[in-house]
Amino acid sequence: MKILGIETSCDETAAAVVEDGRRLLSSVVASSMDLHVKYGGVVPEIAARSHIEVILPVIQQALDDSSSNWGDIDGIAVTYGAGLGGSLLIGVMTARTLAIALGKPLYAINHVEAHVYANFLTETSLPGLRLPDAQPKFPLLAIIVSGGHSQLVLFHDHFDYALLGQTQDDAIGEAFDKVAKMLGLPYPGGPSVAKAAKKGDPLAFQLPKAKMDKYDFSFSGLKTAVLRLAQAQIGESYDFPSTKLPERLSEPQKANIAASFQRVAIETIVAKARLAYEEFAPASVVIAGGVAANQELRRQLTEAIPLPVEYPDTQLCTDNGAMVAALGCFKMLRGQPAVDPYTLDIDPSLSM
Ligand code: KG4
Ligand code: ZN
């Protein structure tokens, strides 16, 4: 059983073919990131236009790489939320058109849920991908950390899950992106803050941790504390424009701020994950989303959680079509209803 997955929720136009919910046959990702770098963030209109330009070639490439033709494809899965409205529309309209024209069942995919399913891919002949040996077992604790989401979710089974807690303001990836901006580091901020932090002392500065309800997070106070710290470092008052900070900070100061921020941001996630591990005794723990690529997160989690924690390959941590196709496979295998291709709408603020 082969499913074509289509993902266009942000700046990546992605398509992939997955077989039986475990075998990754192809994964094509075209990012418009280089067009957004000079603006320091994704510009929705530019992202949407890029999706239109590349979506059909990306899908064709995913079919070709998997040695499939349309006759081999049993269904189409597409991200319909959460994400940028204009971006989601391109993927959803393309998938609807294909499903109608080719008579394929269409599965509507929640982007955040799909991130977890990157961990169910265990086989591939594609080069350069490291996949886990076995699929995760239920109950499964999922730590979802991306540019748009920070959530702890307990899956009792496929499609049977409980949201334990989530961020009440910024997502952790968003906090990395904003701290990068304050320090003058390139977008996207996650990898550049992590790189700068390698040269810094994580204990150089004490930054505050928000006290939140049991499994909830908050990162906006930490972000403001980083801004105040940077201002204090150069001896400027609070009204000094943050855009002028990077040029006045030395490289060692930037590295120490990046390392101290990263330590506290990651500790926040890991402490709650540990708490959930103790309360629910999951059979497996997985990380999903762009921030799962963070090495400090992996290091701290390995120390805090007695189970081997699974991480998708870095290429499958950030947005991709493979996770969408994998979840689509399970929907079909488990008899979840397909949606009406004539009426499927986007849902930019869809939650778990
Ligand atoms: O999952 P993703 O590609 O998009 C969303 O669904 O949001 O995640 C992108 C986020 C960005 O905020 C990026 O800065 C962050 O993941 N990220 C990282 C790292 N690599 C990517 N954050 C921390 N450390 C990294 N190594
Ligand atoms: Zn994502």
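This text goes with the structure placed above it.
Numbers given to residues run from 1 along each chain, matching the order in which its sequence is written. Just so you know, chain letters begin at A and ligand numbers begin at 1, following the order they were written in. With the structure being a predicted model, the display of local features is reserved for residues of pLDDT at least 70 and the display and counting of side-chain atom pairs for 80 or more, all residues being used for whole-chain, interface and lining totals. With hydrogens and water set aside, each side-chain value is computed from the structure's full complement of heavy atoms.

1. Here's the deal with the environment of alanine 48
What counts as a helix is a DSSP run of H or I of at least four residues, what counts as a strand is a run of E of at least two, and both are numbered from the N terminus. Within the secondary structure, alanine 48 is located in helix α2 (residues 44–65). Sequence separation of alanine 48 and leucine 84 is 36 residues, and the distance between their C-alpha atoms is 8.6 Å. Alanine 48 has contacts with Gly86, Ser87 and Ile90, leaving out every residue within four places of it along the chain. Here a residue-residue contact requires only that any non-hydrogen atoms of the pair lie within 4.5 Å.

2. Overview of helix α12 (residues 322–333)
Multiplying 1.5 Å by the residue count of a helix minus one yields the expected span of that helix. Across its twelve residues, α12 extends 16 Å between first and last C-alpha, which sits within 8% of the 16 Å expected from 1.5 Å per residue. Across the twelve residues of α12, ten count as buried, placing the element largely inside the fold. Looking at α12, one finds that the buried residues are Ala322, Met323, Val324, Ala325, Ala326, Leu327, Gly328, Cys329, Phe330 and Lys331. Once α12 finishes, glycine 335 follows within two positions and takes phi at roughly 70 degrees, a positive value. When a residue's accessible area, from a 1.4 Å probe over protein chains only, is under 20% of the maximum for its type it is buried; when over 50% it is exposed; and in between it is partly exposed.

3. A short note on the site of ligand 1
When we say a residue is near a molecule or strand, we mean one of its heavy atoms is within 4 Å of it. Close to ligand 1 lie 19 residues; Gly147, Asp177, Gly190, Gly290 and Asn294 are nearest. Whenever two N or O atoms come within 3.5 Å, that pair is a polar contact, provided that in protein one can donate a hydrogen and the other can accept it, and provided that, for residues adjacent in sequence, both atoms are side-chain atoms. For ligand 1, an oxygen atom lies 3.0 Å from a polar atom in the backbone of glycine 148. The contact in question runs from a nitrogen atom of ligand 1 to an N or O atom on the side chain of asparagine 294, over 2.9 Å. Those elements that place two or more of their residues in the shell around ligand 1 are α4 (111–117), α5 (172–182) and α6 (189–197).

4. Side note on the sheet that holds strand β5 (residues 106–110)
Between any two strands, pairing holds if DSSP finds at least two bridges. Strand order across the open sheet formed by six strands is β5-β4-β1-β2-β3-β6, with mixed pairing between neighbours. The sheet is open, and its two borders are formed by β5 and β6 (123–124), each paired with just one other strand. The pairing of strand β2 (residues 12–19) with strand β3 (residues 23–31) spans eight bridges and is antiparallel. Paired with alanine 15 across the strands is valine 28, a residue of β3. Note on geometry: axes are C-alpha line fits, over the in-contact stretch for helices, and angles between N-to-C directions span 0 to 180 degrees. Here α2 sits on the sheet and contacts β1 (2–7), β2 and β3; the angle it forms with β2, its principal contact strand, is near 20 degrees. Contacting β1, β4 (75–81) and β5, helix α3 (residues 85–102) runs over the sheet at an angle of about 155 degrees to β4.

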